[in-house]
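Listed here are the chains, written in short residue letters.
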Amino acid sequence: MAQVKIHPSWQSELQDEFDKPYFEQLIKFVRDEYAAGTCYPPGSLIFNAFNQCPFDNVNVVLIGQDPYHEPGQAHGLCFSVNDGVQFPPSLRNIFQEIHTDLGKPIPSSGNLTRWAQQGVLLLNATLTVREHQAGSHQKHGWETFTDDVIRLISDKKEHVVFILWGSYAQSKSSLIDSNKHFVLKSAHPSPLSAYRGFFGNHHFSLTNMYLKKMGKNEIEW
């Protein structure tokens, strides 16, 4: 893939990454997978998180693991689904915590593009998946790429909120300089763990308090 379709601000920041041999191999793997069968998200939306949230705008990074793998759900933003799609359980619990934390009503759409456009990078560690096969594109290079994205944001920006839910996301904390960024950790919002520390984590109000303190715009969650 000579030119990855990605926002110009990220294109310049990540050009060295795109030129590395592992990334060329990764793109070949992804192309072959999409040619062989149905994969998600649609090819044009693989880098949607980056296109909706330019590098200069990033004030919050929310780390997910894998795209949704059932039809119509994934559109390149972690935890987010297209308009009109039923909320997956984790997303339902996220909205419940926002309701409890901030008093906001449960929204009618699970499309989180509105967050991305306010400066929330909704980053899955793996950016593609085979239909019906969770985790099928893990360990093919995406994690190397997204780890470098996290490291880049940590190194080049200041006062970013990193939200790490669950042990997988928390494993990324070693990539983040916590002396100049605000790192929030809790249990994952999935039904298996939400009652073990996700509910009541107040991450949405804590994020806004920090952003306000740093003179940045609060997020309209």
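Just above, that's the structure.
Here the structure is a predicted model, which means the values were calculated and not measured.

**Q** Residue-level account of the overall build of the chain, with values.
**A** When helices and strands are tallied, the chain shows eight helices and six strands. Taken from the N to the C terminus, the helices and strands of the chain come in the order α-α-β-α-β-α-α-β-β-α-β-α-β-α. Along the first, second and third principal axes, the C-alpha set of the chain runs to 45 × 35 × 25 Å. Sorting the 221 residues of the chain into buried and exposed places 53% on the buried side. Sequence separation of 24 or more characterises 65% of the internal contacts of the chain that already satisfy a separation of 6 or more.

**Q** Break down the sheet that holds strand E6 (residues 182-186) for me, citing the residues and quoting the values.
**A** Two modes of strand pairing occur in sheets, parallel and antiparallel, and in both the strands are linked by backbone hydrogen bonds. Spatially, the four strands line up as an open sheet ordered E3-E2-E5-E6, and their pairing is parallel. A strand with exactly one partner marks an edge of an open sheet, and here the two such strands are strand E3 (120-124) and E6. Across this sheet, the average inter-strand angle for adjacent strands is 20°, counted without regard to direction. Where strand E2 (residues 60-64) and E3 come together, five bridges link them in parallel fashion. When the sheet's bridge partners are listed, Gly64 is paired in E3 with Asn124. Strands in contact with helix H6 (residues 142-156) are E2, E3 and strand E5 (161-165); relative to E3, the strand with the most contacts, it is inclined by about 155°.

**Q** Tell me about the nonpolar core, and please be specific about residues and values.
**A** Core analysis: the biggest nonpolar cluster contains 66 residues, and Trp10, Phe50, Trp115, Leu121, Phe145 and Ile153 have the highest contact counts within it. Other than its neighbours up to four places away in sequence, Trp10 contacts Phe50, Cys53, Pro54, Phe55, Val58, Leu121, Val149, Leu152 and Ile153.

**Q** Which residues make up the packing of aromatic side chains, and what values do they have?
**A** Summed over the entire model, instances satisfying the criterion amount to 21 aromatic pairs. Ring centres of Phe23 and Phe145 lie 5.3 Å apart, and the angle between their planes is 50°; on these two criteria the pair is classed as tilted. With Phe23 in helix H2 (residues 21-36) and Phe145 in helix H6, this pair connects stretches of sequence that are 122 residues apart. On the basis of an interplanar angle of 55° and a centroid distance of 6.0 Å, the ring pair of Phe50 and Phe145 is categorised as tilted. Taken together, the residues span a long stretch of sequence, with Phe50 in helix H3 (residues 48-52) and Phe145 in helix H6 at a distance of 95 residues. An identical accessibility class is assigned to Phe50 and Phe145; each is buried.

**Q** Quick rundown of the pairing of E2? Include the residues and the values.
**A** On a regular strand, each side chain points to the face opposite its neighbour's, so the side chains alternate between the two faces of the sheet. The buried fraction of E2 is high, at five of five residues. Along E2, one buried face is formed by Val60, Leu62 and Gly64 and the opposite face, lined by Val61 and Ile63, is buried too.

**Q** Any chance you could break down the layout of surface pockets for me, citing the residues and the numbers?
**A** The computed volume of the largest pocket comes to approximately 410 Å³. Lining the largest pocket are 22 residues; nearest its centre among them are Gly64, Gln65, Asp66, Phe79 and His188. For the lining of the largest pocket, the secondary-structure elements that each account for two or more residues are E2 and helix H7 (166-170). Looking at the lining of the largest pocket element by element, the count peaks at four residues for H7. Classifying every residue of the lining of the largest pocket by side-chain character gives ten nonpolar, ten polar and two charged.

**Q** Help me get a handle on the side chain of Glu17, residues and values and all.
**A** As for its position among the elements, Glu17 is in helix H1 (residues 8-18). Every residue in contact with Glu17, bar those within four places of it in the chain, is listed here: Tyr22, Phe23, Thr144, Phe145 and Asp148.

**Q** Can you break down the packing of H2 against H6 residue by residue, with the values?
**A** Between H2 and H6, the shortest axis-to-axis distance is 9 Å and the interhelical angle comes to 125°. Viewed along their axes, H2 and H6 adopt a mutual orientation that is oblique. Here H2 and H6 pass one another in a crossing that is left-handed. Of H6, the residues touching H2 (which contributes Tyr22, Phe23, Leu26 and Val30) are Trp142, Thr144, Phe145 and Asp148. In terms of residue class, the contact of H2 with H6 is built from six nonpolar, one polar and one charged.

Basis of the calculations
Residues numbered from 1 in each chain as written. Predicted model: local features only at pLDDT ≥ 70, side-chain atom pairs only at ≥ 80, totals over all residues. Heavy atoms only, no water. Helix = DSSP H or I, 4+ residues; strand = E, 2+ residues; numbered from the N terminus. Buried < 20%, exposed > 50% of the residue type's maximum accessible area, 1.4 Å probe, protein only. Contact = heavy atoms within 4.5 Å. Pairing = 2+ DSSP bridges. Axes fitted to C-alpha atoms, helices over the stretch in contact; angles between N-to-C directions. Core = buried A, V, L, I, M, F, W, Y, C linked by side-chain atoms within 4.5 Å. Phe/Tyr/Trp six-rings, centres within 6.5 Å; stacked < 30°, edge-to-face > 60°. 1 Å grid on protein atoms, 1.4 Å probe; cavity = no way out; pocket = protein on both sides within 12 Å on 5 of 7 lines; lining within 4 Å. Points joined across faces, edges and corners; volume = space filled by probe spheres on them. Nonpolar A, V, L, I, M, F, W, Y, C, P; charged D, E, K, R; others polar. Parallel < 35°, antiparallel > 145°, perpendicular 65-115°, else oblique. Left-handed = near helix turned anticlockwise from the far one by under 90°.

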